[in-house]
Amino acid sequence: MRPDPDVVTAVTRSADLLRKGRGLLLDIVDRAEVRDAAAAWTGRVDTVTARTDRVDVDALLIRPDGCVAQDLPTGQDLDATTLVRALGTWFGHPG
């Protein structure tokens, strides 16, 4: 069985995901509300569900240069306003 192309495995490096020069939203624990909050930026930000051993965050918004622009600590309620503000700051107005 082939893996789901939208799910990143442990062998995928973040550098590989950033190669296109776009932003990256790593949804580490498969939270639909994280992906929904970033839906308007799909033209500039790739959203990927990742599996990792990392346990301190549920999601990471990563700039094209590899720096983390925003994180969502484990178990924290999604503050969509904060994520949307970070998306707007780093990737412009949606659309």
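Residues numbered from 1 in each chain as written. Predicted model: local features only at pLDDT ≥ 70, side-chain atom pairs only at ≥ 80, totals over all residues. Heavy atoms only, no water.

Undergrad: Tell me about the overall build of the chain, residues and numbers included.
TA: Check the secondary structure of the chain and you find 3 helices and 5 strands. Secondary structure elements in the chain, listed N-terminal to C-terminal, are β-α-β-α-β-β-β-α. Nonlocal contacts in the chain, meaning residues at least 24 apart in sequence, comprise 56% of its contacts between residues at least 6 apart. Carbon and sulfur atoms make up 52% of the accessible area of the chain, which totals about 6,000 Å². (Helix = DSSP H or I, 4+ residues; strand = E, 2+ residues; numbered from the N terminus. Contact = heavy atoms within 4.5 Å. Areas by Shrake-Rupley, 256 points an atom, 1.4 Å probe, with all protein chains shown as cover.)

Undergrad: I'd like a description of the confidence of the model for the chain, backed by residues and values.
TA: Scored by pLDDT, the chain has a mean of 82; 85% of the residues are at 70 or more. Ranking the helices and strands of the chain by mean pLDDT puts strand E2 (residues 23-27) first, with 92, and strand E1 (residues 7-8) last, with 52. (pLDDT = per-residue confidence, 0-100.)

Undergrad: Describe in detail the nonpolar core, supporting the description with residues and values.
TA: In terms of nonpolar packing, the biggest core is built from 13 residues, with Leu 25, Val 45, Leu 61, Leu 87 and Phe 91 touching the most fellow members. It is helix H3 (residues 80-91) that contributes the most residues to this core, 4 residues altogether. Those residues in contact with Leu 61 that lie beyond four places of it in its chain are Leu 24, Leu 25, Val 45, Cys 67, Val 68, Ala 69, Gln 70, Leu 83, Ala 86, Leu 87 and Phe 91. In terms of nonpolar packing, the next biggest core, distinct from the first, is built from 9 residues, Leu 18, Leu 24, Val 48 and Ala 50 among them. (Core = buried A, V, L, I, M, F, W, Y, C linked by side-chain atoms within 4.5 Å. Buried < 20%, exposed > 50% of the residue type's maximum accessible area, 1.4 Å probe, protein only.)

Undergrad: So what's going on with the packing of aromatic side chains? Which residues, and what values?
TA: Counted under the stated rule, the structure contains 0 aromatic pairs. Its guanidinium or amino end placed over the ring of Trp 90, Arg 63 lies 4.4 Å from that ring's centre, counting from NZ or CZ. (Phe/Tyr/Trp six-rings, centres within 6.5 Å; stacked < 30°, edge-to-face > 60°. Lys NZ or Arg CZ within 6 Å of the ring centre and 35° of its normal.)

Undergrad: Tell me about H3, and name the residues and values.
TA: Compared with an ideal rise of 1.5 Å per residue, which puts 12 residues at 16 Å, H3 spans 16 Å between its outermost C-alpha atoms and is within 8% of the ideal. Taken residue by residue, H3 has Leu 83, Ala 86, Leu 87 and Phe 91 as its buried positions. The buried residues of H3 occupy one face: seen down the axis, they fall within an arc of 100°. For H3, exposure combined with an orientation more than 90 degrees from the buried face picks out Arg 85 and Thr 89. On its buried face, H3 is in contact with E2, helix H2 (32-37), strand E3 (45-50), strand E4 (57-62) and strand E5 (68-73). Just beyond H3, the residue with positive phi is Gly 92, at close to 80°. (Expected span 1.5 Å × (residues − 1). Arc of directions from axis to C-beta.)

Undergrad: Tell me about the side chain of Arg 63, residues and numbers included.
TA: Positionally, Arg 63 belongs in the loop between E4 and E5. Within polar-contact distance, the side chain of Arg 63 engages the side chain of Asp 65 at 2.5 Å. Contact partners of Arg 63, with chain neighbours within four places excluded, come to Leu 18, Ala 69, Trp 90 and Phe 91. (Polar contact = N/O pair within 3.5 Å; in protein donor to acceptor, adjacent residues only side chain to side chain.)

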